[in-house]
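This is what each chain is made of:
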2 protein chains.
Amino acid sequence: MLPEKMLALGKKRSAIREIFEYGKKRAKEIGADKVFDFSIGNPNVPAPACVKEAMLDLVNNEDAVLLHSYTSAPGITEVREKIAEYINARFGTKFTADHLYMTSGASSGLMICAKAMLLPGEEVITFAPYFSEYRVYMESAGGKLVVLPADLKHFQIDTEAFEAAVNKNTKAVIINSPNNPSGAIYSAETITKLSDILRRKEKEFGHTIYIIADEPYRELVYDDIEVPFIPNFYNNTVVCYSYSKSLSLPGERIGYIAVSPDMDEWQEMYAAICGAGRACGYVCASSFFQLLVAKCVDKISDISIYKKNRDILYDGLVKLGYTCVHPDGAFYLFVKALEPDSNAFCEQAKKHEILLVAGDEFGCPGYVRISYCVRTDQIENSLSAFAALAEDYK
Amino acid sequence: MLPEKMLALGKKRSAIREIFEYGKKRAKEIGADKVFDFSIGNPNVPAPACVKEAMLDLVNNEDAVLLHSYTSAPGITEVREKIAEYINARFGTKFTADHLYMTSGASSGLMICAKAMLLPGEEVITFAPYFSEYRVYMESAGGKLVVLPADLKHFQIDTEAFEAAVNKNTKAVIINSPNNPSGAIYSAETITKLSDILRRKEKEFGHTIYIIADEPYRELVYDDIEVPFIPNFYNNTVVCYSYSKSLSLPGERIGYIAVSPDMDEWQEMYAAICGAGRACGYVCASSFFQLLVAKCVDKISDISIYKKNRDILYDGLVKLGYTCVHPDGAFYLFVKALEPDSNAFCEQAKKHEILLVAGDEFGCPGYVRISYCVRTDQIENSLSAFAALAEDYK
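What counts as what
- Residues numbered from 1 in each chain as written.
- Chains lettered and ligands numbered in written order.
- Predicted model: local features only at pLDDT ≥ 70, side-chain atom pairs only at ≥ 80, totals over all residues.
- Heavy atoms only, no water.
- Helix = DSSP H or I, 4+ residues; strand = E, 2+ residues; numbered from the N terminus.
- Buried < 20%, exposed > 50% of the residue type's maximum accessible area, 1.4 Å probe, protein only.
- Contact = heavy atoms within 4.5 Å.
- Areas by Shrake-Rupley, 256 points an atom, 1.4 Å probe, with all protein chains shown as cover.
- Lys, Arg positive; Asp, Glu negative; His and termini not counted.
- Charge placed at Lys NZ, Arg CZ, Asp CG, Glu CD.
- Expected span 1.5 Å × (residues − 1).
- Buried area = accessible area lost by both parts, 1.4 Å probe.
- Salt bridge = Lys/Arg side-chain N within 4 Å of Asp/Glu carboxyl O.
- Nonpolar A, V, L, I, M, F, W, Y, C, P; charged D, E, K, R; others polar.
- Least-squares fit on C-alpha atoms with pLDDT ≥ 70 in both.
- Axes fitted to C-alpha atoms, helices over the stretch in contact; angles between N-to-C directions.
- Parallel < 35°, antiparallel > 145°, perpendicular 65-115°, else oblique.
- Left-handed = near helix turned anticlockwise from the far one by under 90°.
- Pairing = 2+ DSSP bridges.
- Polar contact = N/O pair within 3.5 Å; in protein donor to acceptor, adjacent residues only side chain to side chain.
- Phe/Tyr/Trp six-rings, centres within 6.5 Å; stacked < 30°, edge-to-face > 60°.
- pLDDT = per-residue confidence, 0-100.

Moving on, we come to the overall build of chain A. Along the backbone of chain A there are 14 helices and 12 strands. Principal axes of the C-alpha set define a box for chain A whose edges measure 60 × 55 × 55 Å. Burial statistics for chain A: of 394 residues in total, 63% are counted as buried. For chain A, the share of sequence-separated contacts (at least 6 apart) that also reach a separation of at least 24 residues comes to 74%. Within the structure as shown, chain A displays about 14,600 Å² of accessible surface, and the carbon and sulfur contribution to it stands at 51%. Charge-centre separation for chain A: the mean point of 42 positive side chains lies 4 Å from the mean point of 52 negative side chains.

Below, the structure is given as structure tokens:
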């Protein structure tokens, strides 16, 4: 009598959660230092100092009624202005408060965008490896997610396959760069090619095709590599941003949707986003955390820790003979499994107390994801276990 | 090319917001003290002291990573345990953490419940006067909201009309008590009658019919009147609770869904709720505010201020000849308009700088809502304007 789809979604725990729960159980059995849990993308670097300062300042100096009041549904105007100014200074754009809609993290942003855009049966294209919850959001909004196979050479985008896949039902494309789980950053060249194709296809089919840029990892970039800012390449872009990783606030659910000022009829899109927010049961993003991010708009957590972890892990595994995608951003390492069945490989890894997520979860079988947002000593201590795991396959 | 429904929802500001914005503009023109803005239900009583204490304690003494981590989607187990214990001690029930799902306020709770329950075309009954966003949530989940006319005598429920309205498509009933906008509390007698009818109808139609108890105003009750706890009357109940009003945290979006332990197959409902949360783009309720409410679970804001406001306003208006529903709870007074068209009456009130919301907004034309969660001097000063307004109709 209850909707099958909701029951299925509620009962089927994500593979990542499953492993994470196993890890907690196993840690109790043999000790946390003996379990190399690389399953979950929970930042282990604390929020930067400005977050604590801002929290104390708000609690001690703001009027309690104002601090915790309902905000307008799109968010506090001054907060949105501050974020728009920051984006503009950084990317040379012309966002205003009117282009920004504060959300409960990037997930709610994605869900709202899907609901704001999709008519029944319309398609949204994304590229493996991809975050599997995209399917839930697109289908929940009545659309269909089309996943294109991974570009296993460079973990960029196979633009020929993409061009062939765009059709009259294509309403949007989701791009996630820096990418979860590969850590790859789509280059300016990739984004340019993609944008050119989309512009051609918009003309061919006579309707707008949107890019949804899912950007929770934008600030987690190493070696001074630049992440192309999609609205500067393609007008019909909405950015779904989150402070989960940049300020290490994943549990607080704070982020925004930014509608490109250069979008065709951006006011219509913004109105649809406001409507979709209501239809998702959102009232406003947390007033307290809106005010907080406005105070920390240009700060990020100490990502040198992630970089150190990445270097130790990447160098260590390559030395052991593993084939790894070189991650320029995010906090994941995507590694080729040592047998074709990556689930079987994960099971084998478990015997060495290494907990990985199979690439199948991300539409990319044959690989596994390692989340390196963990203590550096866990990475150092895990290398001998990874060595033993490699031995199993010799 | 964008969904008409989302555009319509986004463009049509709620009547309440419209008046609220007018009030802000008018305050700039003639001074805030000259505008009697009774439009919006934003608590004006600050959060109780424990909220500030808990915030400082969390910021100063909790590990920053743990404090802001992702929680499991249903919420932190210890938080849910603490809330369950509190509910049980108060109402003699047997809730556990497994029956509770933390939400971003009651609105998200209602949306999730709708999505967890409704199959396409199924009906949800509610009673005027009612919170108009119910329609958005039920329709967004593919259902249909059926509004039964108000019981204008007692502002309870016309149980005969209700019995006639329940049919084979009825999946749920939404009850909001203390009621927004009438301030009425449904009596134990009303709830008993309603429950008896539902049990009969469940048998007659051979399927479960749920009560969704929307309870943001549960703690805002005056004169020691008791609010019946619906799960003690009817097994197939989910409660949507919010700390928005009880702790004066409306902007922080924190609340929970409580599935009755006595519900038929409550585990199935809980699973569907977990699935619906995912399908709404929720990841978890704010970690920080989950921990906070657990520390303040038995506290409420100083509601003596609302009671004082209510008494001055109710007595004052009755003395001036207005017909008012006596509000036992919430912070609204529902007053009969002095002409049949309550929108016209609101316009007339505007001429005296009194800002009211027409009952039409709540499915109850002929009445107006006064939100008395305002400064007491605004109420005192408004009485002469209400007198002049009454004069206009003599």
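The discussion continues.
The subject of this paragraph is helix H10 (residues 266-279) of chain B. All names here are of chain B. The end-to-end C-alpha distance of H10 is 20 Å, a good match for the 20 Å that 14 residues give at a rise of 1.5 Å each. Most of H10 sits inside the fold, with 12 of its 14 residues counted as buried. Among the residues of H10, Trp-266, Met-269, Tyr-270, Ala-271, Ala-272, Ile-273, Cys-274, Gly-275, Ala-276, Gly-277, Arg-278 and Ala-279 are the ones counted as buried. Phi turns positive one or two residues past the end of H10, at Gly-281, with a value near 85°.

Right, let's get into the interface of chain A and chain B. Contacts between the two partners involve 72 residues from chain A, matched on the other side by 72 residues from chain B. For the pair chain A and chain B, the summed buried area comes to about 5,800 Å², and 59% of that belongs to carbon and sulfur atoms. In terms of surface lost to chain B, no three residues of chain A exceed His68(A), Tyr70(A) and Arg278(A), which account for 14% of the buried area on that side. On the surface where chain A and chain B come into contact, there are 4 salt bridges. A salt bridge links Glu133(B) to Arg278(A); the shortest N-O distance between them is 2.6 Å. Elements with a minimum of two residues in the side of chain A that touches chain B: helix H1 (4-11), helix H3 (49-61), helix H4 (64-67), helix H6 (105-117), helix H7 (133-140), helix H10 (266-279) and helix H11 (287-295) of chain A. Sorting elements by how many residues they give to the side of chain A that touches chain B places H10(A) first, with 9 residues. Looking at the side of chain A that touches chain B, its residues break down into 40 nonpolar, 20 polar and 12 charged.

The next point concerns the relation of the copies chain A and chain B. Its rotation angle being 180°, the transformation that places chain A on chain B also includes 0.0 Å of axial translation and leaves an RMSD of 0.0 Å. As the rotation angle and translation indicate, the two copies are arranged about a two-fold axis. Proximity to the rotation axis, assessed at the C-alpha, singles out Cys280(A) in chain A; its C-alpha lies 2.9 Å from the axis. Taken as a fraction of all interface residues of chain A, those also at the interface in chain B reach 100%, which identifies the copy contact as same-surface.

Here the structure, examined in full by the defined rule, presents 50 salt bridges over all chains. Here Glu123(A) ties to Lys144(A) by a salt bridge, and the two come within 3.8 Å at their closest N and O atoms. With Glu123(A) in strand E3 (residues 123-127) and Lys144(A) in strand E4 (residues 144-148), this pair connects stretches of sequence that are 21 residues apart. Between Arg218(B) and Glu215(B) there is a salt bridge, and its shortest N-O distance comes to 2.5 Å. For the residue pair Arg218(B) and Glu215(B), the accessibility class agrees, reading buried in each case. Connected through salt bridges with shared partners, the residues Lys25(A), Arg26(A), Glu29(A) and Glu353(A) form a single ionic network.

This next bit is on the packing of H3(A) against helix H3 (residues 49-61) of chain B. Relative to each other, H3(A) and H3(B) sit at 165°, their axes nearing to 10 Å. In this view, H3(A) runs roughly antiparallel relative to H3(B), as classed from their interaxial angle. Like other packed secondary-structure pairs, H3(A) and H3(B) cross with a definite hand, here left-handed. Contacts between H3(A) and H3(B) involve Lys52(A), Met55(A), Leu56(A), Val59(A) and Asn60(A) from the first element and Lys52(B), Met55(B), Leu56(B), Val59(B) and Asn60(B) from the second. Looking at side-chain class alone, the contact of H3(A) with H3(B) contains 6 nonpolar, 2 polar and 2 charged residues.

What follows deals with the sheet that holds strand E7 (residues 237-242) of chain B. All names here are of chain B. Ordered in space as E2-E8-E7-E6-E5-E3-E4, the 7 strands form an open sheet in which the pairing is mixed. The open sheet terminates on both sides in strands that have one partner only, identified here as strand E2 (100-103) and strand E4 (144-148). Adjacent strand axes in the sheet meet at a mean angle of 20°, parallel and antiparallel pairs treated alike. Summarising the sheet, E2 and strand E8 (residues 255-259) pair through 4 bridges and their orientation is antiparallel. Across the sheet, residue Leu-100 finds its bridge partner in E8, namely Ala-258. The sheet strands contacting helix H5 (residues 77-91) are E2 and E8, and the helix crosses E2 at an angle near 115°. Each of E2, strand E5 (170-176), strand E6 (210-215), E7 and E8 touches helix H6 (residues 105-117); the most contacted strand, E7, lies at about 155° to it.

Our focus in this paragraph is the side chain of Asn179(A). Residues and elements named next belong to chain A. For Asn-179, the location among the structural elements is in the loop between strand E5 (170-176) and helix H9 (188-205). In this structure the side chain of Asn-179 is engaged in a polar contact, spanning 3.0 Å, whose partner is the backbone nitrogen of Ser-182. Among all residues touching Asn-179, those that are not within four sequence positions of it are Pro-129, Ala-184, Tyr-186, Ala-330 and Tyr-332.

As a further point, take the pairing of strand E7 (residues 237-242) of chain A. Residue and element names in this part refer to chain A. Summarising burial for E7: 6 of the 6 residues are buried, a large majority. Where burial is concerned, the two faces of E7 agree: the one with Thr-237, Val-239 and Tyr-241 and the one with Val-238, Cys-240 and Ser-242 are both buried. Sheet topology note: the strand E6 (residues 210-215)/E7 ladder contains 5 bridges and is parallel. Opposite Glu-215, over in E7, you have Tyr-241 as the bridge partner. Pairing of E7 with strand E8 (residues 255-259) involves 5 bridges; the strand directions are antiparallel. When the sheet's bridge partners are listed, Tyr-241 is paired in E8 with Tyr-256.

All right, on to the packing of aromatic side chains then. The geometry of two aromatic rings is summed up by the distance between their centres and the angle between their planes. Residues and elements named next belong to chain A. Under the defined criterion, the tally for this structure stands at 47 aromatic pairs over all chains. When the centroid spacing of 5.5 Å and the interplanar angle of 80° are considered together, the rings of Tyr-217 and Tyr-332 count as edge-to-face. Of this pair, Tyr-217 sits in the loop between E6 and E7 while Tyr-332 sits in strand E9 (residues 332-336); the two residues are 115 residues apart in sequence, bridging distant segments of the chain. The pair Tyr-217 / Tyr-332 is uniform in exposure class, with both members buried. Among the aromatic side chains, those forming a connected cluster through ring pairs are Phe-155, Phe-334, Phe-362 and Tyr-367.

So, about H6(A). For an α-helix, 3.6 residues make a turn, and residues three or four places apart therefore share a direction. With 13 residues, H6(A) extends 19 Å between its outermost C-alpha atoms, agreeing within 8% with the 18 Å of an ideal straight helix rising 1.5 Å per residue. Most of H6(A) is tucked away, with 13 of its 13 residues classed as buried.

Quick look at unusual backbone geometry now. Residue and element names in this part refer to chain B. Pro-129 follows Ala-128 through a cis peptide bond whose omega is -5°. Note that Pro-129 resides in the loop between strand E3 (123-127) and helix H7 (133-140). In this structure, Pro-181 follows Asn-180 across a cis peptide bond, with omega equal to 20°. Along the chain, Pro-181 turns up in the loop between E5 and helix H9 (188-205). The residue Glu-353 is not glycine, and still its phi comes out positive at about 65°.

Another aspect to go through is the environment of Met117(A). Residues and elements named next belong to chain A. As for its position among the elements, Met-117 is in helix H6. Residue class for Met-117 comes out buried when judged on its relative accessible area of 0%. Counting along the chain gives 155 residues from Met-117 to Ala-272, while the straight-line C-alpha distance between them is 7.5 Å.

Here chain A shows a mean pLDDT of 96. Residues at 70 or above account for 100%. Listed scores for the predicted complex are pTM 0.97 and ipTM 0.96.

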